[in-house]
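Results of the structural survey
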Amino acid sequence: DTAVSQTPKYLVTQMGNDKSIKCEQNLGHDTMYWYKQDSKKFLKIMFSYNNKELIINETVPNRFSPKSPDKAHLNLHINSLELGDSAVYFCASSYGQGGSEAFFGQGTRLTVV
Amino acid sequence: AQTVTQSQPEMSVQEAETVTLSCTYDTSESDYYLFWYKQPPSRQMILVIRQEAYKQQNATENRFSVNFQKAAKSFSLKISDSQLGDAAMYFCAYRTFDNNNDMRFGAGTRLTVKP
């Protein structure tokens, strides 16, 4: 059983397109995250949600819109894709306050051509 | 926001030897968590070890141990008896203890293990 599952694992698309990445966790966690890992391997937090409520929204272009229909799901929709959006996107989950480590999905490698 | 600094972009160790990866962080909080994650070429993020700031005792997990110096805001990872499978990117991470659940990562250290 996969704890944190992201789909798709790979995504190749053209500039200007709109795409979504889905994330689901079956760990009963109440907090979920999106991270972006660039070509230099730097992991940057984009968003975090706690019980479907947006908690952290880093300086991310408005083209990125997270959606959490319930606390087990956190999807990422990206409009008008740009070359610079090419990266690996990781979803993660954890328990909230008093919780500890985050569990990560396998990542989605997004390539914009 | 808190910052995490890993000053060693790359490290190398001989198989069966010991290596220490450095990490420092900046925070005004007294309670928080610290972690080391491993990312092999498969890109999966794997938790190596965690430390709660309120615990003075350094965490240990088999061949992995940390040197947690709270006053110095330092959190280094020691890998003993290095194995070829230890080769990976290693990330130090800081997480707040409050409802913000803010979790930040350092830039990573690429560890090479030589046979």
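Note: the structure precedes this text.
In this report, the structure presented in the accompanying data block is examined.

Reading the values: the criteria
Residues numbered from 1 in each chain as written. Chains lettered and ligands numbered in written order. Predicted model: local features only at pLDDT ≥ 70, side-chain atom pairs only at ≥ 80, totals over all residues. Heavy atoms only, no water. Buried < 20%, exposed > 50% of the residue type's maximum accessible area, 1.4 Å probe, protein only. Helix = DSSP H or I, 4+ residues; strand = E, 2+ residues; numbered from the N terminus. Pairing = 2+ DSSP bridges. Contact = heavy atoms within 4.5 Å. Buried area = accessible area lost by both parts, 1.4 Å probe. Salt bridge = Lys/Arg side-chain N within 4 Å of Asp/Glu carboxyl O. Polar contact = N/O pair within 3.5 Å; in protein donor to acceptor, adjacent residues only side chain to side chain. Axes fitted to C-alpha atoms, helices over the stretch in contact; angles between N-to-C directions. Phe/Tyr/Trp six-rings, centres within 6.5 Å; stacked < 30°, edge-to-face > 60°. Lys NZ or Arg CZ within 6 Å of the ring centre and 35° of its normal.

1. Digging into the pairing of strand β9 (residues 87-94) of chain A
Residues and elements named next belong to chain A. With eight of its eight residues buried, β9 lies for the most part within the structure. Alternating positions in β9 separate into two faces, Ala 87, Tyr 89, Cys 91 and Ser 93 on one and Val 88, Phe 90, Ala 92 and Ser 94 on the other, with burial throughout. The pairing of strand β4 (residues 31-37) with β9 spans seven bridges and is classified as antiparallel. Paired with Met 32 across the bridge in β9 is Ser 93. Bridging between β9 and strand β11 (residues 108-112) involves three bridges; their strand directions are antiparallel. Among the inter-strand pairings, Ala 87 is bridged to a residue of β11, identified as Leu 110. The pairing of β9 with strand β10 (residues 103-104) spans two bridges and is classified as antiparallel.

2. Some remarks on the interface of chain A and chain B
Taken together, the contact between chain A and chain B spans 32 residues of the former and 24 residues of the latter. Of the roughly 2,200 Å² buried between chain A and chain B on both sides combined, carbon and sulfur atoms contribute 47%. The interface formed by chain A and chain B holds two salt bridges in total. For Glu 101 of chain A, the salt bridge goes to Arg 50 of chain B, with nearest N and O atoms at 2.5 Å. The tally of links between chain A and chain B comes to twelve residue pairs in polar contact (both at pLDDT 80 or more). For the side of chain A that touches chain B, the secondary structure elements donating two or more residues are β4, β5 (43-50), β6 (53-57), β9 and β11 of chain A.

3. Here's the deal with the sheet that holds strand β8 (residues 73-78) of chain A
All names here are of chain A. Pairing is antiparallel in the open sheet, where four strands are placed in the order β1-β3-β8-β7. The two strands at the open ends of the sheet, each matched to only one other strand, are β1 (4-7) and β7 (64-70). Between one strand axis and the next, the sheet turns by 15° as a mean value, whatever way the strands run. Two strands pair when backbone bridges link them, and β1 and strand β3 (residues 19-25) are joined in this way by four bridges, in the antiparallel orientation. Its bridge partner lying in β3, Thr 7 is registered against Lys 22.

4. Structural notes on the packing of aromatic side chains
For the structure on display, the rule yields 17 aromatic pairs over all chains. Linked through ring pairs, Tyr 33, Tyr 35, Phe 90 and Phe 104 of chain A together with Tyr 33, Phe 35, Tyr 37, Phe 91, Phe 97 and Phe 105 of chain B together constitute an aromatic cluster. It is Arg 43 of chain B that lies over the ring of Tyr 10 of chain A; its NZ or CZ is 5.0 Å from the centre.

5. Describing the side chain of Asp 86 of chain B
Residues and elements named next belong to chain B. Checked against the element boundaries, Asp 86 lands in the loop between β9 (74-79) and β10 (88-96). For Asp 86, a relative accessible area of 3% gives the class buried. For Asp 86, the residues in contact, after removing those within four places along its chain, are Lys 38, Arg 63, Phe 64, Ile 79, Asp 81, Leu 111 and Val 113.

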